[in-house]
Every structure is written in C-alpha cells, then in structure tokens.
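# Observations on the model geometry
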Amino acid sequence: MTPASLRIATRKSALALWQAEHVAARLRAAHPHLAVELVPLSTRGDEILDRPLASVGGKGLFLKELEVAMAQGRAELAVHSLKDVPAELEPGFVLPAILPRADAADAFVSHRYADLAELPPGARVGTSSLRRQAQLRALRPDLTLLDLRGNVGTRLAKLDAGHYDAIVLACAGLERLGLAARIRSRLAAPDWLPAPGQAAIAIEARAGQPQILALLAALDDAETRATVGAERAMNQALGGSCTVPVAAWCVRTERGLHLTGMVGDAHSGRLLRAEAGGSDAAALGRDVAARLLAQGAGELLGLRD
Ligand SMILES: NCc1[nH]cc(CCC(=O)O)c1CC(=O)O
C-alpha cells in the first residue's frame, strides 16, 4: 500500500534542516497528495564538539541515531550530506535517491585575504578535515593549521572572532545557508579536490519497502549517482570514510566518466594523485584506488593514526 505520509529524520544543524526541508519540498512537489514532516534528532557527531572527528573514530557518526529512528518506525527516511555517509551502509539500509549535485568546490573564507596565495607566511588556517589539511600542507607548507569543529555557523563565528586568518568550508553548505557572500575564492579541481560525494544530498531508507522506495526514487538524479558512485567506490576500495585524507572528483566527459583521486598525509603534506576514465562507476572507482595503492597509498592511510 502506498503510504499517505512520510517522516524525515534529520540532524538539527541549520544545514541539515535546510537539506531536509529541501527534500520535503521536492517530495511534496513530486507527490502532491503526500504529507511530509521532519523529525529533528541529535547525533553523536553533533554532540562531540571538542575533538577532531577523525580522533572520535567510528564511521557514520552523523547517521546512527537517524538509522535507529528508522529501524524503530519513527521515520521512513533520513536526509544526509552524502559526504558524511560511509562508503559502506549499515546492513538493511539503502540510498534510494541522490539529488543533483551542487557546487562541489571548497570555499576559502577570510576577512583580510582573497585567496590561499595571498596569505602571509605562517598564517593561521582553521579546518579539522584531514583532507583539507593535507591539501593545505601540500600547497602551503608554511601555514599554521588549527582545528576547527562545529557546524557552519559556529565555524564562521570563530573566524569572525579572530581565531583564524582564514578557514576552509564547503561551498555547497554556505550557498544553501544563504552565505555565498562569505566565499572569497573557490578551491576547486584540478588543483584541489573535494571529499567523495561532496555537495550531493542523499536520502537513506530501510531496504525491502518497495512502495516507499519508489516514492523516494522519484528524486534520484542518475548523473549524480554515477559520478559520486565512482568517487565512493574509490573511497570504499581505500577503506575510507569522511575522516581520512581522501579526495575524489568525477566528471562526465564526451568519452565517459573521468575520476581523479587523491590520498594525502595531513602532517607531511605528501599527496598521491591518480586518474582514469571508464564507463562503469564502480569499476572506475576501484581502478583509481588500485593506482593510488600502487603508489603507496596504503602506507599513508595506515600512517594516519
Ligand atoms: N562535514 C560537515 C559537512 N557535511 C556536508 C557539508 C557541506 C555540504 C555538502 O557537502 O553537501 C559540511 C560542511 C563543510 O564541510 O563545510
């Protein structure tokens, strides 16, 4: 039986609520008779704010409580930033829809400086992402990298309070929150790569409910699924989650999918890069992962903790 209403489990940050509202609006537009409501919840990833996420460990820190809500029948779906979704889902869960990707670049945000090159030697840059730290180290070994956790608003407030000369955030998050004016410059491919799946919103639901999954699949964007699928397959083959210094960027060209991948070391700034083309997203992801491993990526990934 087709359900008359759907409940969306979401985190309570402004960005998460924006994304859940966006999905709710898209679902109402696709299914005019469907009632859609939000179920805001707190996750461990939101509560632990005093440590870098990489040190908290455990994949899916932002997902667990939302999956519990779905398992207990308190919600039919959850909305996530795809980059926070581990390459391997918990058993019994699927991603019936991946929405069209927004700007996947990172943003350089600063009051005094227009871009990375303008920063004076030793400038203080805030980010707790090992992926961003590794790329900053590689491009500017002189910088002082400082931890910066919290939701987007908290991070901007810490920059505004003078704790940093610049910070790095996702462009997509700033744009969704109406904060695009804070972007001084974009850190983008080919010089800089995003997290696998960055800027894509994913819907998660329990497997085995064909009617519900069919309603949700109406929002799926096949093109985004293919490109982020390659990025996530690469990450999975490297054993990655959002807490390892792995970056990936896949685009569609006239000749098919093209994937560039990177593995870095946040301390030394050593970066390994590989790229390849292909037609099958999963095979392409494994291909680029194998090229990175052949260059010694396993050692870098093992070194990180
Ligand atoms: N880790 C937090 C997170 N998860 C997704 C986004 C941005 C939105 C997106 O990538 O879809 C952010 C904020 C950031 O990295 O600045």
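Please refer to the structure placed before this passage.
Residues numbered from 1 in each chain as written. Predicted model: local features only at pLDDT ≥ 70, side-chain atom pairs only at ≥ 80, totals over all residues. Heavy atoms only, no water.

## Structural notes on the environment of Gly 150
Applied cut-off: Runs of E in the DSSP output that reach at least two residues are strands. Runs of H or I that reach at least four are helices, and both are numbered from the N terminus. Accessible area is worked out with a 1.4 Å probe on protein chains only. A residue is then buried under 20% of its type maximum, exposed over 50%, and partly exposed in between.
Looking at where Gly 150 falls in the secondary structure, it is placed in the loop between β7 (144-146) and α6 (152-160). Here Gly 150 falls in the buried class, since its relative accessible area comes to 12%.

## A look at helix α8 (residues 210-217)
How we decide: Along the arc lie the directions from the helix axis toward the C-beta atoms. Contacts between residues were defined by any pair of non-hydrogen atoms, one from each residue, lying within 4.5 Å.
Within α8, the full set of buried residues consists of Ile 212, Leu 213, Leu 215 and Leu 216. Seen along its axis, α8 keeps its buried residues to an arc of 155 degrees; they face one direction. The inward-facing, buried residues of α8 abut β1 (5-11), α1 (14-30), β3 (77-81), β4 (93-98) and β10 (201-206).

## Side note on the sheet that holds β1
Filter applied, for reference: Between any two strands, at least two bridges found by DSSP are needed for them to pair. Each axis is a line fitted through C-alpha atoms, taken for helices only over the stretch in contact, and angles between the N-to-C directions span 0 to 180 degrees.
Spatially, five strands are ordered β2-β1-β3-β10-β4 in an open sheet, and the strand pairing comes out mixed. Two strands close off the open sheet at either side, each with one partner strand: β2 (35-41) and β4. Pairwise comparison of adjacent strand axes, ignoring direction, gives a mean angle of 30 degrees for this sheet. When β1 meets β3, the two strands line up parallel, connected through two bridges. Within β3, the position partnered with Ala 9 by the bridge is Ala 78. With respect to the sheet, α1 is in contact with β1, β2, β3 and β10, its orientation differing from that of β1 by roughly 165 degrees. Of the strands in this sheet, β1, β3, β4 and β10 touch α8, which is tilted by about 30 degrees from β4.

## As for the pattern of salt bridges
In plain terms, the rule: For this analysis, a salt bridge means a side-chain nitrogen from Lys or Arg found within 4 Å of a carboxyl oxygen belonging to Asp or Glu.
Taken as a whole, this structure holds 12 salt bridges when the rule is applied. The partner of Asp 103 in a salt bridge is Arg 186, and the shortest N-O contact between them spans 2.8 Å. Of this pair, Asp 103 sits in the loop between β4 and β5 (106-109) while Arg 186 is found in strand β9 (residues 185-187), placing the two residues 83 residues apart along the sequence. Within the structure, one salt-bridge network assembled from shared partners comprises Asp 106, Arg 131 and Arg 132.

## Describing helix α9 (residues 222-237)
Residue pairs spaced three or four apart in an α-helix point in one direction, given the helix's 3.6 residues per turn. The following threshold applies: Helix span, as expected, comes to 1.5 Å for every residue beyond the first.
For α9, which comprises 16 residues, the first-to-last C-alpha distance of 22 Å matches the rise-based estimate of 22 Å (1.5 Å per residue) to within 8%. Within the span of α9, buried status applies to Thr 224, Ala 226, Thr 227, Val 228, Ala 230, Glu 231, Arg 232, Ala 233, Met 234 and Asn 235. The inward-facing, buried residues of α9 abut β4, β11 (246-253), β12 (256-264) and α10 (281-294). Immediately downstream of α9, the backbone of Gly 239 shows phi near 70 degrees, a positive value.

## Digging into the pairing of β12
Along β12, eight of the nine residues are buried, which leaves the element largely enclosed by surrounding structure. Bridging between β11 and β12 involves eight bridges; their strand directions are antiparallel. Residue pairing in the sheet places Ala 247 in a bridge with Met 262 of β12. Following β11, the chain reverses through two residues before pairing antiparallel with β12. In terms of strand pairing, β12 meets strand β13 (residues 271-278) through eight bridges, oriented antiparallel. Note on β13: the bridge partner recorded for Met 262 is Arg 273. The hairpin formed by β12 and β13 contains six residues between the paired strands, and Gly 269 there has a positive phi angle of roughly 75 degrees.

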